[in-house]
Amino acid sequence: MSNKKSSAGNKGDNVRSDCYIELVLRNSGGIKTDLKSKVESMYGESIHELVIDMCRFFNIKNAKIKIEDYGALPFTIAARIETALKRNSPGIKKEYLSPINKKSQYKSAKQRLRRSRLYLPGNEPKYFINAGLHKPDCIILDLEDSVAPNEKDSAQLVVRNALRSVNFYGSERMVRINQLPEGLNDLKYIVPHNVHVILIPKCESADNVKRVDKEIARIMKIKNINTEIFLMPIIESALGVINSYEIASASKNICSLAIGLEDYTADIGTQRTEEGKESFYARSMVINAACAAGIQPIDTVYSDITNMEGLRESVIEAKGLGFEGKGCIHPRQVKIVHEAFAPTLQEIEKAKKIVITFEEADKKGLGVVSIGSKMIDAPVVKRAQKTIEMAIQVNLLHRNWYADN
Amino acid sequence: MTEDQIVYNTKQFNNITIKQFYKMKLVKNAAGRLVPILVNGKKQIPFKGVNKHKPTGHKADPPIRSCLDYPWDGNKVQKNLREALKNAGLKNGMTISTHHHLRNGDAVTNLLFDTIKKMGIKNIMWFPSASFPVHNHLIKYLEDGTIHHIEGSMNGPLGGFASLGKMNGTGVLRSHGGRYQAVQDGEIHIDIAVIAAPQSDPFGNANGIDGPAACGLLGFALVDSEYADKVIVVTDSLVPFPCVPWQIQGNNVDFVVEVESLGDSSKIVSGTTQVTKSPDRLLIAEYVADFIEAAGIMKDSFSLQAGAGGTNLAFAVFLKERMKEKNVKARFMRGGSTKYLVEMLEDGLTDFILDGQTFDLEGVRSMRENPNHVNTSPFTSYNFHGKGNFASMVDVAVLGATEVDINFNGNVVTHSDGYLLHGIGGWQNCLYSKCTILAIPSFRDRIPVIVDKVTTLVGPGELIDVIITERGIAINPKRKDLFNSVKNSKLPIKSIRAIKKEVYEICGGKPAKPNIDKNKVIAIIKWVDGTVLDSVFQVNVVNVESTSKVGSTFT
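Calculation notes
- Residues numbered from 1 in each chain as written.
- Chains lettered and ligands numbered in written order.
- Predicted model: local features only at pLDDT ≥ 70, side-chain atom pairs only at ≥ 80, totals over all residues.
- Helix = DSSP H or I, 4+ residues; strand = E, 2+ residues; numbered from the N terminus.
- Buried ≥ 20, exposed ≤ 12 C-beta atoms within 10 Å, placed from the backbone.
- Contact = placed C-beta atoms within 7 Å.
- Pairing = 2+ DSSP bridges.
- Nonpolar A, V, L, I, M, F, W, Y, C, P; charged D, E, K, R; others polar.
- Domains from an automatic or database assignment.
- Core = buried A, V, L, I, M, F, W, Y, C linked by C-beta atoms within 7 Å.

Brief notes about the overall build of chain A
When helices and strands are counted, chain A shows 14 helices and 14 strands. Structurally, chain A occupies a C-alpha span of about 90 × 50 × 45 Å along its principal axes. Here chain A, with 405 residues, has 46% of them falling under the buried criterion. When contacts within chain A are restricted to residue pairs at least 6 apart in sequence, those whose partners lie at least 24 apart make up 71%.

Structural notes on the pairing of strand β10 (residues 256–259) of chain A
Side chains on a regular strand alternate between the two faces of the sheet. Residue and element names in this part refer to chain A. The alternating pattern of β10 places S256 and A258 on one face and L257 and I259 on the opposite face, and all of these are buried. Pairing of strand β9 (residues 230–235) with β10, which is carried by two bridges, proceeds in the parallel orientation. By the bridge assignment for β10, I234 is matched with A258. Relative to strand β11 (residues 296–301), β10 runs parallel, the two being bridged by three bridges. In the sheet register, S256 faces β11, and the bridge partner there is Q296.

So, the interface of chain B and chain A
Contacts between the two partners involve 27 residues from chain B, matched on the other side by 29 residues from chain A. Elements that contribute at least two residues to the side of chain B that touches chain A include exactly α8 (279–294) and α15 (496–507) of chain B. Counting residues per element, the side of chain B that touches chain A draws most heavily on α8(B), at four residues. In the side of chain B that touches chain A, the residues fall into 11 nonpolar, nine polar and seven charged.

As for the domain arrangement of chain B
Interface extent is often summarised as the accessible area lost during association of the parts. All names here are of chain B. The domains assigned to chain B are domain 1 (75–268) and domain 2 (279–507). Once you take the C-alpha centre of each, domain 1 and domain 2 turn out to be 29 Å apart. If you look at the interface, domain 1 gives 31 residues, while domain 2 gives 31 residues. Within the residue set of the side of domain 1 that touches domain 2, elements represented by two or more residues are α4 (156–163), α5 (176–184) and α6 (222–227). Broken down by element, the residue count for the side of domain 1 that touches domain 2 peaks at seven residues, all from α5. A breakdown of the residues in the side of domain 1 that touches domain 2 according to their chemical character gives 12 nonpolar, 17 polar and two charged.

Things to note about the nonpolar core
V175(A), I198(A), I195(B), I232(B) and V288(B) are the most contacted members of the largest nonpolar core, which has 266 residues in total. The dominant element in this core, judged by the number of residues it contributes, is α8(B), at 10 residues. Counting residues in hydrophobic clusters, the runner-up holds nine residues, among them I348(A), I388(A), A391(A) and L397(A).

Structural data, given as structure tokens:
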């Protein structure tokens with residue numbers, strides 16, 4: 001065995017909830033751990049036990065392991081050690097997996113609300129732990145743009161461990177993989193590990209979706225997994241916009257279609273403006289493609305985290321265009337997004353009236369009804385029911401409103 | 001003299017061999033905590049329970065002075081600090097006090113001990129109202145015996161120094177109110193008080209609202225000015241008589257010294273105070289504001305106490321929105337004042353600010369200009385021996401803590417690794433408010449804040465009503481009224497045990513107990529009535545050389 005040194009993780013004064021590992025595999029001398037930790041008196045023993053257990057698991061008999069710990073949680077320490085080990089010996093294929101957290105075993109549904117999706121940089125575990133407390137509809141563990149190219153392997157393992165260990169308090173667990181073809185390689189770290197939705201960035205064709213779909217199916221078969229995993233392609237180029245309907249309808253697993261404007265505006269050679277004229281066509285296209293395919297149209301992120309009023313206006317505008325969700329890059333944006341997507345009291349009243357009128361007509365066996373001069377047909381009722389459902393979910397309406405009525 | 005009965009008094013440090021005061025006899029107090037009955041040669045009364053101890057007799061009295069002994073022209077200015085100390089009769093083993101209104105910008109305390117060192121004086125007991133990182137400068141004087149020990153907060157490295165058992169005597173930590181009480185009880189006799197004053201006249205009238213080192217007020221120095229044998233005012237802004245307002249009265253002052261600078265004004269008050277940007281802290285702050293509203297506390301003429309921690313500032317901002325929306329006006333707000341409280345005063349959301357210390361320039365300006373921004377002191381606000389005090393009249397106080405346990409007991413002085421790192425401040429005193437809320441994260445990195453049992457008991461759980469964390473709100477079962485008032489709200493009310501359980505799950509199990517030596521008390525924690533509530537023990541340092549498995553901790 002070589003005395004090659006490998007490392008993983010982060011160190012420095014500003015590092016929190018993370019650790020730095022240096023590992024040397026040796027021919028003799030047993031396992032030597034050198035631990036410096038700010039939680040040493042509380043969890044020093046537990047960290048040592050983790051190291052010993054991992055060495056046993058990977059059949060490592062002789063190694064020097066240096067750990068600089070800044071209060072990393074066990075799932076992070078394990079991911080960092082495994083990364084250091086695999087960087088040292090790329091031949092190792094075994095995976096050190098913790099059992100799936102019982103509190104993380106909740107399921108998702110294709111039609112669930114996806115008003116807010118909170119991006120979390122995939123190699124920054126400190127942001128994961130409390131993300132769900134801000135109650136975004138979805139959290140995204142990102143393996144793509146927020147992860148440095150030489151840290152992709154590290155992020156894959158920390159995201160894998162987080163999917164199994166971290167309680168996101170009911171938020172749907174999404175992972176954004178890398179652009180294809182690299183993204184296909186991310187899937188084996190994600191698919192068997194309790195993910196709900198996979199985001200396909202810079203999606204340009206139905207073929208992109210099908211390749212992801214196929215790889216997911218292959219992994220699910222091998223790992224004997226039968227939960228549903230949904231897809232959310234992100235349109236981020238002119239070509240993607242033009243092909244948006246074929247993308248939206250490429251797989252039955254697609255739950256939503258999103259647009260990413262930073263890359264899109266760069267692709268058409270312009271810049272994002274507050275007004276957004278430059279992307280009106282693309283956004284409308286995505287909305288129409290999604291609706292035509294029967295899935296949710298989802299808007300891009302709002303990137304000024306200090307401007308909450310700007311965010312609110314942007315969401316109201318997006319809702320007006322037909323979007324049903326917005327990307328968040330800061331937890332404080334979540335509440336504003338939900339408030340802005342919530343139906344107005346006027347909308348709720350109107351929806352109630354439609355549903356009541358329809359139900360009464362239905363009971364009487366009437367086919368067509370109207371309120372005033374407006375005819376109430378199936379699509380109108382369906383939209384009203386959706387508004388009602390949304391109002392109930394955001395606590396603007398009691399679930400028993402109809403009976404109470 | 002047996003080892004556990006070393007008797008000395010503070011005046012005689014130099015006459016005894018400072019060997020070990022550690023081996024103290026410990027008894028279990030009413031809170032079930034082991035505390036010494038003799039500390040620094042003085043008998044101690046173990047904590048008897050909240051509101052169970054009531055000293056009788058007479059207060060300590062300062063010596064009689066006569067105007068005949070002071071210059072008729074009122075000019076008490078001395079050549080320099082050394083001269084003033086000499087004329088004040090500085091001797092080995094004396095007790096010297098300072099205040100902490102200059103916070104981390106304080107240059108006066110360091111100058112004071114540099115001067116004492118040069119004069120060859122030893123074994124001073126330093127009695128500050130609080131210490132700051134800038135006072136790390138004094139560690140060398142603790143090491144060389146210029147300072148014998150500290151009775152006051154020991155922050156950061158000073159606390160670390162004491163935690164490792166390196167301080168000669170035993171530290172005594174008191175609340176702001178407890179410091180006043182200890183002087184009035186005669187438990188502490190201040191030989192010389194050195195009062196840094198941003199503005200003074202030659203007679204010794206002084207205040208904190210003007211001058212280059214303006215810090216707002218000087219309330220923490222009030223007891224020192226009234227009870228010390230000798231009082232020295234140090235200023236960098238000497239104005240002709242009269243200096244008004246006279247927050248410190250010249251009639252209590254012996255000497256006045258002019259120095260070039262009291263310190264770094266940018267560290268005395270911050271230019272601007274910032275609300276936390278942490279989304280998790282903001283979430284906690286929002287829950288606090290929601291709770292105060294839902295519990296019906298936020299109503300016309302209510303009162304609150306707000307600290308200056310990032311979370312506490314944020315809660316004030318959220319509360320302000322709610323008060324505006326509901327058109328509610330407070331009668332008074334207590335606190336460390338900041339621009340956020342000042343804005344509420346100026347926007348008409350409160351009639352008064354009753355200010356204990358001023359944290360930013362806006363606070364200083366408001367105190368200078370606005371008669372409704374009133375300066376207070378530990379006497380008005382917290383003193384156990386006052387005929388009442390303000391703390392118990394406050395409707396809601398929002399405070400922090402380093403640990404809280406499942407019995408709602410709070411710790412603010414040590415961390416979970418056993419190190420003494422903070423002072424008590426006014427925290428214990430504020431627990432007497434009608435509703436005491438601790439706004440804290442449930443864990444920091446991997447350090448549980450909600451625990452089975454606090455490392456050090458600083459606040460008895462029966463006085464702590466609500467714990468607000470990012471993972472939920474726990475209401476003390478004693479406060480059924482509060483529970484009933486918010487039970488129909490959307491607030492995430494949980495039991496404290498449920499929050500603790502979740503925190504332990506996240507952090508990877510129950511934390512091991514700190515590695516401390518239960519035979520070596522390095523400091524005691526006084527309750528507001530002067531009894532001993534708990535002990536802080538020496539932290540054992542693991543020798544890095546002796547084991548290849550374990551390294552040293554970060555401190």
